[in-house]
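Coordinate analysis (summary)
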Amino acid sequence: MEQQLDPTAIRAAAGRIAGHVRPVTVAPAADGLWYALEHLQHTGSFKARGAYNFLAAHAEAGALPAAGVTIASGGNAGLACAWAARTHGIPATVFLPANAPRIKVERLRGYGAEVRLTGDRYAEALATCREFAADSGALSSHAYDHPLIAAGAGTLFEEIRAALPGLDALVVAVGGGGLFAGLATAAREHGVRIVAAEPEHCRALNAALAAGRPVDVPVDSVASDSLGATRVSADALRAAQHPDVDSVLVPDEAITAARRALWEEHRLVVENGAATALAALRTAPVPPGKRVAVVLCGANTDLAGL
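All values reported here derive from a predicted model rather than from experimental measurement. (Residues numbered from 1 in each chain as written. Predicted model: local features only at pLDDT ≥ 70, side-chain atom pairs only at ≥ 80, totals over all residues. Heavy atoms only, no water.)

**Considering the overall build of the protein chain**
Within the protein chain, the regular secondary structure consists of twelve helices and ten strands. On C-alpha atoms alone, the protein chain measures out to a radius of gyration of 18 Å, which is about the 19 Å that the 2.2 N^0.38 rule sets for 306 residues. With the principal axes as the frame, the protein chain shows a C-alpha extent of 55 × 40 × 40 Å. Among the 306 residues that make up the protein chain, the fraction classed as buried is 53%. Long-range pairs, those at least 24 residues apart, make up 70% of the contacts in the protein chain with a sequence separation of at least 6. For the protein chain, the accessible surface area stands at approximately 12800 Å², while carbon and sulfur atoms represent 50% of it. If you average the places of the 26 positive and of the 30 negative side-chain charges in the protein chain, the two averages end up 2 Å apart. (Helix = DSSP H or I, 4+ residues; strand = E, 2+ residues; numbered from the N terminus. Rg over C-alpha atoms; globule rule 2.2 N^0.38 Å. Buried < 20%, exposed > 50% of the residue type's maximum accessible area, 1.4 Å probe, protein only. Contact = heavy atoms within 4.5 Å. Areas by Shrake-Rupley, 256 points an atom, 1.4 Å probe, with all protein chains shown as cover. Lys, Arg positive; Asp, Glu negative; His and termini not counted. Charge placed at Lys NZ, Arg CZ, Asp CG, Glu CD.)

In structure tokens:
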């Protein structure tokens, strides 16, 4: 299936996922500031949107194999893939490094996935996953680098815009760039500015902008469990090169402070990746008269850190 990321693809995704994902709640936080509570989504993150759209589009095309779907990811993408596979009634096989935390393995199995542990690094799990897909005929999914995944994530934009007419800017954390690419593509039609927030030492998008192409970056951040992509997608880079996009880097100290503030001030529990978006905004307050939304994109986190 050949796909491209554009507004038409995002509108098609919105039709596919309607009634299957939770519409986002948008809550006022301060003057001119709202939170998009996407951490309340199925599986605890926005990833459910892309995972469901990915499988639904293949089902529409008659390209959903009996062998099911496979992915290498022990994080939010793996959970979303397992959930979406269960809703479509097909098997999911998820590959993880052998040292993956037991709680992740148990959660994946709770969604009905078959979990296979291999090697001690993500790259080894990914290589084995690809071999499995080739041998079994299972559909190979990706955590972020696929137009259907990004288009599904982009459906969040119209829901936020419907709740906030006159939206001026949207702040979102960036890892591999699937959510950012989808949101930026949808926002471009409406002149809404996108602020792409990354940790200082986990900056795949920012580095790609500087280099003019996706490049590998080191990953060392409190938010690396969810934003720790070593390379951003080509779709994300293209979206970031638009003049209505700002790339912002924030230190880990600001991320942990933002996460703590969300708990102390609003009793919202989010992962460090989600707090990265708020951290970027806290360094540059909302200008008077502007309407800004911050995407709180995930809540799969250890409560002990609060």
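**What to know about helix H2 (residues 47–60)**
Counted at 1.5 Å a residue, the expected span for H2 with its 14 residues is 20 Å, and the 20 Å between its end C-alpha atoms agrees. The element H2 is extensively covered by neighbouring structure, given that twelve of its 14 residues are classed as buried. Every buried residue belonging to H2 is among Lys47, Ala48, Arg49, Gly50, Ala51, Tyr52, Asn53, Phe54, Leu55, Ala56, Ala57 and His58, and all of these are buried. Contacts made by the buried residues of H2 are with helix H1 (7–17), strand E3 (69–72), helix H3 (76–88), strand E6 (139–140) and helix H6 (147–163). Directly beyond the C-terminal end of H2, a positive phi value near 70 degrees is found at glycine 62. (Expected span 1.5 Å × (residues − 1).)

**Some points on the sheet that holds strand E9 (residues 245–250)**
Overall, mixed pairing links the six strands, which are arranged E1-E2-E10-E7-E8-E9 in an open sheet. Each end of this open sheet is capped by a strand with a single partner; those strands are strand E1 (26–30) and E9. Taken over all neighbouring pairs, the strand axes of this sheet differ in orientation by 25 degrees on average, direction set aside. As judged from the four bridges shared by strand E2 (residues 33–36) and strand E10 (residues 292–295), these two strands associate in the parallel manner. Across the sheet, residue alanine 36 finds its bridge partner in E10, namely valine 295. Here helix H7 (residues 178–188) sits on the sheet in contact with strand E7 (169–173), strand E8 (193–199), E9 and E10, set at roughly 165 degrees to E8. Along the sheet face, helix H8 (residues 204–211) touches E8 and E9 and points at about 110 degrees away from the line of E8. (Pairing = 2+ DSSP bridges. Axes fitted to C-alpha atoms, helices over the stretch in contact; angles between N-to-C directions.)

**Some points on the sheet that holds E3**
Judged by pairing direction, the sheet is parallel, and its four strands sit side by side in the order E5-E4-E3-E6 without closing on themselves. Where the open sheet ends on each side, the last strands, each with one partner, are strand E5 (114–117) and E6. With two bridges joining them, E3 and E6 adopt parallel strand pairing. Paired with threonine 70 across the strands is serine 140, a residue of E6. Those strands touched by H3 are E3 and strand E4 (92–96), and its axis lies near 170 degrees from that of E3. Across the sheet, helix H4 (residues 102–110) is in contact with E4 and E5; its angle to E5 comes to roughly 150 degrees.

**A word on the nonpolar core**
Within the largest apolar cluster, 73 residues are counted, with the highest numbers of intra-cluster contacts made by Ile160, Phe180 and Val295. Ignoring anything within four residues of it in the chain, the contact list for phenylalanine 180 reads Val172, Val174, Ile194, Ala196, Leu205, Ala236, Ala239, Ala240 and Val245. Ile17, Ala57, Leu139 and Ile149 belong to the second largest nonpolar core, which has 35 residues in total. (Core = buried A, V, L, I, M, F, W, Y, C linked by side-chain atoms within 4.5 Å.)

**Topic: the packing of H2 against H3**
Packing of H2 against H3 brings their axes to within 8 Å, and their N-to-C directions diverge by 45 degrees. One element, H2, and the other, H3, form an angle in the oblique class. As for how H2 packs across H3, the hand of that crossing is right-handed. Contacts between H2 and H3 involve Lys47, Ala48, Ala51, Tyr52, Leu55 and Ala56 from the first element and Asn76, Ala77, Ala80, Cys81, Trp83, Ala84, Ala85, Thr87 and His88 from the second. (Parallel < 35°, antiparallel > 145°, perpendicular 65-115°, else oblique. Left-handed = near helix turned anticlockwise from the far one by under 90°.)

**What about the pairing of E4?**
Looking down a regular strand, the side chains alternate between one sheet face and the other. When you tally the buried positions in E4, you get five out of five residues, the bulk of the element. Here E4 shows no split at all, with Ala92, Val94 and Leu96 on one side and Thr93 and Phe95 on the other all buried. The pairing of E3 with E4 spans four bridges and is classified as parallel. Across the sheet, isoleucine 71 pairs through a bridge with valine 94, a residue of E4. Bridge analysis of E4 against E5 gives four bridges, and the strand direction is parallel. Within E5, the residue paired with leucine 96 across the bridge is leucine 117.

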